[in-house]
Amino acid sequence: MTPDLHQDEIDRRFMQEAIELARRALDSEDVPVGALVVHAGRVIGRGFNQREKLQDPTAHAEMIALTAAAGYIGHWRLERCTLYVTLEPCAMCAGALVLARLSRLVYGASDEKTGACDSLYQIPRDPRLNHQVETTGGVLAQPCAELLRAFFRHRRMLGEK
């Protein structure tokens, strides 16, 4: 099957916007992850990590973007929506994608330690669940991963974990 070049171009454009959101998390000294929800070619929810700022373990970029999108639509079901996120979602966020009935997930960098969409688990595509989410990984993976590497390199230089 040949990849849809038009869709690849769209994915890269929206991932670039997610990277800009990740930079906002970086500016607030949080792990640089950005996310956005798109419906019919239009961004309806945006988020970036705010765990440190809000002191909330659930304040992941994906959760914030999903909440904003549901508020925009006025309903928790995000059918026919795509989530773009710079890092492969964790188990909490992957579960939220399934529960929100998202149609598609596009992520940048893989997460070998906590990734729950391809790396450790495949929650969005688990046939035992009542909904599956189409998943595309590796979109602009290099710039997404570099933001994360730079963040953690800086933290180690400061003697933080």
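Up top is the structure these notes are about.
This is a predicted model, so every value here is computed, not measured. (Residues numbered from 1 in each chain as written. Predicted model: local features only at pLDDT ≥ 70, side-chain atom pairs only at ≥ 80, totals over all residues. Heavy atoms only, no water.)

Caption draft 1: Spotlight on the layout of surface pockets. Quantified by volume, the largest pocket comes out at close to 540 Å³. Around the largest pocket sit 21 residues that line it, and Val 31, Leu 87, Asp 111, Thr 114 and Phe 152 are the ones nearest its centre. The leading source of residues in the lining of the largest pocket is helix H5 (residues 141-157), at 5 residues. When the residues that make up the lining of the largest pocket are grouped by side-chain class, the tally is 9 nonpolar, 4 polar and 8 charged. In this structure, the second largest pocket spans a volume of roughly 260 Å³. Taken together, 16 residues form the lining of the second largest pocket, with Gln 7, Ile 10, Asp 11, Tyr 84 and Arg 104 sitting closest to its centre. Broken down by secondary-structure element, the contributors of at least two residues to the lining of the second largest pocket are helix H1 (5-27), strand S1 (34-39), strand S3 (81-87) and strand S5 (134-136). (1 Å grid on protein atoms, 1.4 Å probe; cavity = no way out; pocket = protein on both sides within 12 Å on 5 of 7 lines; lining within 4 Å. Points joined across faces, edges and corners; volume = space filled by probe spheres on them. Helix = DSSP H or I, 4+ residues; strand = E, 2+ residues; numbered from the N terminus. Nonpolar A, V, L, I, M, F, W, Y, C, P; charged D, E, K, R; others polar.)

From the geometry alone we can't say anything about function, so treat these as descriptive.
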